[in-house]
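Here is how the chains run, residue by residue.
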Amino acid sequence: MLMIVLAHSGAPEGYAWLYNPFFLSAFFFVSGYTFRPMQNAKEFVIHKLKGQVYPFAVLGIINAVMAVLVEHDSWIDRLQFLISRNRIWDDMWFIACLVSSEFVFYLLFRIIEKYLKEKKAKLIVLLIMSLAISYMGILYIRNVQVKLPWQFEHACSNAVFIALGYLMKQKKDEFIIEDKTKWWIIISIIYVASVLVFPNHVSIHAGEYDNWALYLLDAIVGIASLILFSQVIEKYLKNNLMTRFVVFVGANTLVYYAFQSKAIKVVKIFLTKIGMMYVSPYITSLIVAMITAIILIIPAY
């Protein structure tokens, strides 16, 4: 979430090349890791309605009201967030995409559960099928110009990361690493080397994946680095103020996602007035992102 705030704070390409290949795919991975395989479809739908769809609608309506009052947009344009891609003041498009991807994964999961009994076979088929769905999503994005409701094409193209997250949860005992710091450094070096040697433009919102296989590889390595980094931080900075702050941001993703562009705009206006926006974009984007993240503690709380 902090990377998203940084990205929207005017971060230069020097930062973007580092996080673009994995910072959104990580959300899909977490979604798979926390996936609850409910036997009852009605229970699953109600769970999603309460946990994501209802907050999406409420926060989206608040966004629409603010956009109409401040940006003088029309109500019809702003309320399109309910079915389609949003514009700059509606930052909820990715939440819709996540919900769509979870419904896709749930349907796939239930079909596999129905026809397969052996756990290992289920996981293998789940991974293969989600990979196929992801590639079909990529083909649709590249060849069909029609945007689907609730970012469905992007939900499909990233379904494999939900499967990977679910797979890791099922096999988490096999992913335990003793020397986390050493492996975090090694994997991070591999990741940085990969994005430097094989630059690959990625923009999920714009439907730009460049080399999809390379995106998949970069995203997996980037997510692995992020997981290890979080474990290193937890080990050495447990109960530290910064750690608690990062956990708080992660626990309040919906609110941060909904209001970060408004807070960023206010922060930029303030920094411009005091002359701070004329410093290096590498510095100002970090300052804007951190102030924004701190301000959003209030609505999140």
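The structure we're discussing is the one just above.
To keep things clear, this report deals only with the structure shown in the data block. It should be emphasised that the depicted structure is a prediction, and the values quoted were computed from it without experimental measurement. (Residues numbered from 1 in each chain as written. Predicted model: local features only at pLDDT ≥ 70, side-chain atom pairs only at ≥ 80, totals over all residues. Heavy atoms only, no water.)

**Quick notes on the overall build of the protein chain**
Counted only if it meets this: Runs of E in the DSSP output that reach at least two residues are strands. Runs of H or I that reach at least four are helices, and both are numbered from the N terminus. Computation of the radius of gyration draws on C-alpha atoms, with the globule rule given as 2.2 Å multiplied by the number of residues to the power 0.38. Only protein chains enter the calculation, and the probe is 1.4 Å; a residue is then buried if its accessible area is under 20% of its type maximum, exposed if over 50%, and partly exposed in between. Any two residues having at least one pair of non-hydrogen atoms within 4.5 Å are treated as being in contact. To be clear on the numbers: accessible area is Shrake-Rupley with a 1.4 Å probe, and residue cover counts the displayed protein chains and nothing else. Charge assignment: positive for Lys and Arg, negative for Asp and Glu; neither His nor the chain ends contribute. By convention, the point assigned to a charge is CZ for Arg, NZ for Lys, CD for Glu and CG for Asp.
Each helix and strand counted, the protein chain has 15 helices and zero strands in total. Here the C-alpha atoms of the protein chain give a radius of gyration of 20 Å, agreeing with the 19 Å that 2.2 N^0.38 yields for 301 residues. For the protein chain, with 301 residues in total, the buried portion stands at 43%. In the protein chain, 74% of the contacts between residues at least 6 apart in sequence involve partners at least 24 apart. Per element, the accessible surface of the protein chain, about 16,200 Å² overall, is 70% carbon and sulfur. Measuring between centres, the 27 positive side-chain charges of the protein chain sit 6 Å from its 19 negative side-chain charges.

**Quick word on the environment of tyrosine 191**
Inspection of the secondary structure assignment puts tyrosine 191 in helix H10 (residues 180–197). When near neighbours in sequence (up to four residues on either side) are disregarded, tyrosine 191 contacts Trp17, Leu18, Tyr19, Pro21, Phe22, Asp218, Val221 and Gly222.

**Digging into unusual backbone geometry**
Non-glycine residue glutamine 151 carries a positive phi angle of around 55°. For glutamine 151, the position within the fold is in the loop between helix H7 (119–143) and helix H8 (152–157). The exposure class of glutamine 151 is buried, given its relative accessible area of 1%. If you check the backbone angles, aspartate 210 has positive phi at about 50° while not being a glycine. Tracing the chain through its elements places aspartate 210 in the loop between H10 and helix H11 (212–236). Given the relative accessible area of 47%, aspartate 210 is considered partly exposed.

**Things to note about the packing of helix H3 (residues 25–33) against helix H6 (residues 93–115)**
For clarity, the cut-off: To obtain an axis, a line is fitted to C-alpha atoms, over the contacting stretch when the element is a helix, and the angle between two such axes runs from 0 to 180 degrees between their N-to-C directions. Here is the rule for angles: anything less than 35 degrees is roughly parallel, anything more than 145 is roughly antiparallel, 65 through 115 is roughly perpendicular, and the remaining ranges are oblique. Handedness of each helix crossing follows the sense of rotation of the near helix against the far helix: counterclockwise by less than a right angle gives left-handed, clockwise gives right-handed. Lys, Arg, Asp and Glu make up the charged group, whereas Ala, Val, Leu, Ile, Met, Phe, Trp, Tyr, Cys and Pro make up the nonpolar group; the residues left over, Gly among them, are polar.
Interaxial distance between H3 and H6 falls to 11 Å at its minimum, and their mutual angle equals 40°. Relative to H6, H3 is oriented oblique. In the packing of H3 onto H6, the handedness of the crossing is right-handed. Together, Phe27, Phe28 and Ser31 of H3 and Phe94, Cys97, Leu98, Ser101 and Glu102 of H6 make up the contact between the two elements. Of the residues in the contact of H3 with H6, the class split is five nonpolar, two polar and one charged.

**A look at the packing of H6 against H7**
Taken N-terminus to C-terminus, the directions of H6 and H7 make an angle of 140°; their axes are 10 Å apart at the nearest point. The angle between H6 and H7 falls in the class oblique. As H6 runs across H7, the sense of the crossing is right-handed. On H7, the residues that touch Val104, Phe105, Leu108, Phe109, Ile112 and Glu113 of H6 are Lys122, Val125, Leu126, Met129, Ser130 and Ile133. Each residue belonging to the contact of H6 with H7 can be placed in one class, and the counts come to nine nonpolar, one polar and two charged.

**Notes on a nonpolar patch on the surface**
Stated precisely, the cut-off is as follows: What goes into a patch is any residue over 30% in relative accessible area without a salt bridge, connected to like charges within 9 Å or, for nonpolar side chains (Val, Leu, Ile, Met, Phe, Trp, Tyr), within 5 Å. Within this document, salt bridges are pairs made up of a side-chain nitrogen of Lys or Arg and a carboxyl oxygen of Asp or Glu, the two lying within 4 Å of each other.
Residues Leu2, Met242, Val246, Met290 and Ile294 make up a contiguous nonpolar surface patch of roughly 410 Å² in combined accessible area. Breaking the nonpolar patch down by element, the ones donating at least two residues are helix H12 (241–251) and helix H14 (281–295). The exposure class of valine 246 is partly exposed, given its relative accessible area of 40%.

**Quick look at the pattern of salt bridges**
Counting across every chain of the model gives four salt bridges. In this structure, lysine 122 and glutamate 113 form a salt bridge, with 3.0 Å as the shortest nitrogen-oxygen distance. In this structure, the salt-bridge partner of lysine 171 is glutamate 174, at a minimum N-O distance of 3.9 Å. Among the residues examined, lysine 171 registers a relative accessible area of 28% and is labelled partly exposed.

**Brief notes about the nonpolar core**
This is how it is decided: Put simply, buried Ala, Val, Leu, Ile, Met, Phe, Trp, Tyr and Cys residues joined by side-chain atoms within 4.5 Å make one nonpolar core.
With 76 residues, the main nonpolar core has Met1, Leu24, Phe94, Phe161, Tyr215, Tyr256 and Tyr257 as its most contacted residues. Looking at this core element by element, the count peaks at 13 residues for H6. Ignoring sequence-local partners within four residues, the contact set of methionine 1 consists of Phe27, Val249, Thr253, Tyr256, Tyr257 and Gln260.

**Focus: the side chain of asparagine 200**
With respect to the helices, strands and loops of the structure, asparagine 200 is situated in the loop between H10 and H11. Overall, asparagine 200 belongs to the buried group, its relative accessible area being 13%. The contact partners of asparagine 200, leaving out residues within four places of it in the chain, are Tyr209, Asp210, Asn211, Leu214, Tyr215 and Asp218.

**A closer look at the packing of aromatic side chains**
Any aromatic ring pair is given by two values, namely how distant the centres are and how the planes are angled relative to each other. Here is the rule we go by: Stacked, edge-to-face and tilted labels apply to pairs of Phe, Tyr and Trp rings (six-membered ring for Trp) whose centres lie within 6.5 Å, assigned for plane angles under 30 degrees, over 60, and everything in between, in that order.
Counting across every chain of the model gives 22 aromatic pairs. Pairing phenylalanine 35 with phenylalanine 109 gives two aromatic rings, centres 5.4 Å apart and planes at 65°, and the pair type is edge-to-face. Highlighted residues: phenylalanine 35 in the loop between H3 and helix H4 (41–71) and phenylalanine 109 in helix H6, separated in sequence by 74 residues. The residues phenylalanine 35 and phenylalanine 109 share a single accessibility class, namely buried. Connected via pairs of aromatic rings, a cluster forms that spans Phe35, Phe44, Phe103, Phe105, Tyr106, Phe109 and Tyr166.

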